[in-house]
Amino acid sequence: LFVTEDKVIVSTFVNETQNFDAFLTAYAMNSGMMLWQTGFANPDFGTGIGSAYLDDGSNKLFLEYSFRVSAFDIETGDQLWITDSLGTHTGYVFPLDQPEGTLLLDSSYRERITIDPETGQVLSRQAIGMPWMTIPHGNVRLSFLNADDIANLNLNISTTACFAALDANDQLIWQLPYFPEFWPTFVNENEFLVEFGGPLYWIWRIDSRTGVDRWRSSMDIVSTNTLAAD
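Residues numbered from 1 in each chain as written. Predicted model: local features only at pLDDT ≥ 70, side-chain atom pairs only at ≥ 80, totals over all residues. Heavy atoms only, no water.

Trainee: Whenever I open this one, unusual backbone geometry confuses me. Can you help?
Mentor: Negative phi values dominate among residues other than glycine, just as trans dominates among peptide bonds. Positive phi, normally seen in glycine, also occurs at Ser 66, with a value near 55°. Within the secondary structure, Ser 66 is located in the loop between strand 6 (60-65) and strand 7 (68-73). Under the relative-accessibility criterion, Ser 66 is labelled buried at 7%. (Helix = DSSP H or I, 4+ residues; strand = E, 2+ residues; numbered from the N terminus. Buried < 20%, exposed > 50% of the residue type's maximum accessible area, 1.4 Å probe, protein only.)

Trainee: What's the story with the pairing of strand 11 (residues 111-115) in this structure? I'm lost.
Mentor: Alignment of strand 10 (residues 103-107) against strand 11, held across four bridges, turns out to be antiparallel. Bridge pairing links Asp 106 to Arg 112 in strand 11. Taking the residues that link successive antiparallel strands as the turn, the strand 10-strand 11 hairpin has three residues, and the phi of Arg 110 there is positive, at about 60°. Both strand 11 and strand 12 (residues 122-127) contribute to a ladder of five bridges, which runs antiparallel. Within the sheet, the bridge partner assigned to Thr 114 lies in strand 12 and is Ser 124. (Pairing = 2+ DSSP bridges.)

Trainee: It is not clear to me how the nonpolar core should be interpreted in this structure. Could you clarify?
Mentor: Note on soluble globular proteins: their nonpolar side chains tend to be buried together. Counting residues in each nonpolar core, the largest one holds 18 residues, and the members touching the most others are Leu 142, Phe 163, Trp 174, Leu 176, Phe 192 and Trp 204. At the level of secondary structure, the elements contributing two or more residues to this core comprise strand 13 (133-137), strand 14 (140-145), strand 15 (162-166), strand 16 (172-176), strand 18 (191-197) and strand 19 (200-207). In this structure, Phe 192 is in contact with Leu 142, Phe 163, Trp 174, Pro 184, Thr 185, Phe 186, Val 187, Trp 204, Arg 205, Ile 206, Asp 207 and Ser 208, ignoring residues within four places of it in sequence. Formed by 13 residues, the second largest nonpolar core is a distinct cluster that contains Phe 2, Ile 9, Ala 52 and Phe 72. (Core = buried A, V, L, I, M, F, W, Y, C linked by side-chain atoms within 4.5 Å. Contact = heavy atoms within 4.5 Å.)

Written out as C-alpha cells, the structure is:
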C-alpha cells in the first residue's frame, strides 16, 4: 500500500491462488475512484514485492520483486523499465536514505547496488561494511541481522536471524528473536512500531534504547501481503 498526496496505490496478484502476474492499481484519495490499473508480468520467481521505494519528487514507484527492480510512473501507471536479475537466493531492500537522482539497493550479502532511476541501468555494485538493513538512530544502530551478520560481528546470539540494536563499536545492546517485515516506523523520539510474522502478523511498540516492548498486538492480522506503516 503506497500513499501519495492525492492517491492510494495497491499491488495485488491477478490470480488469488498464484504468486505470478500482478496488478498495480491507483485510487483517488478523496473519492476512491480507480485512476489507473497496470498489469505487470512474472519475470521468473513471481511478483511478490520484497521491498519498495516511493519517490514523490520524481513521481516514480520502485518495486523489488523476482530479484529485479522495476519502475512505475505514479501519475500514469506506466511500467517504465525492469532490470535483469540482480542475483537469486538473495534478499534486497531499498535503504531509507536515497540521494537525489540516484537509486540505491542493498543486498543481504552486504552489497550496495546503484541504479540509474531514469533507465534502470546498474551503475555499480560495491561492498558495504554493515548489515543490509540498518537504521542509525541516536547512539545506536538498529539492524536486521542474518546468520552471516551474526558470525561476522562475533555476536553471542543463538538464533539465525533477529532484530537488534548495536552501539558504535558493534557491541550488542539488545535483540529480539524475530526478523521484521519492512522497516520499523518511529512514532516519537525513541519508540517505534515494527511488524513480525506472516501470514499471521503481529505488531509491537518498542523502545529503541532498551528493546522493551510497550505493547504487542494480538497475533491475528491475516494477509497474503506484507504490511508497511508510513
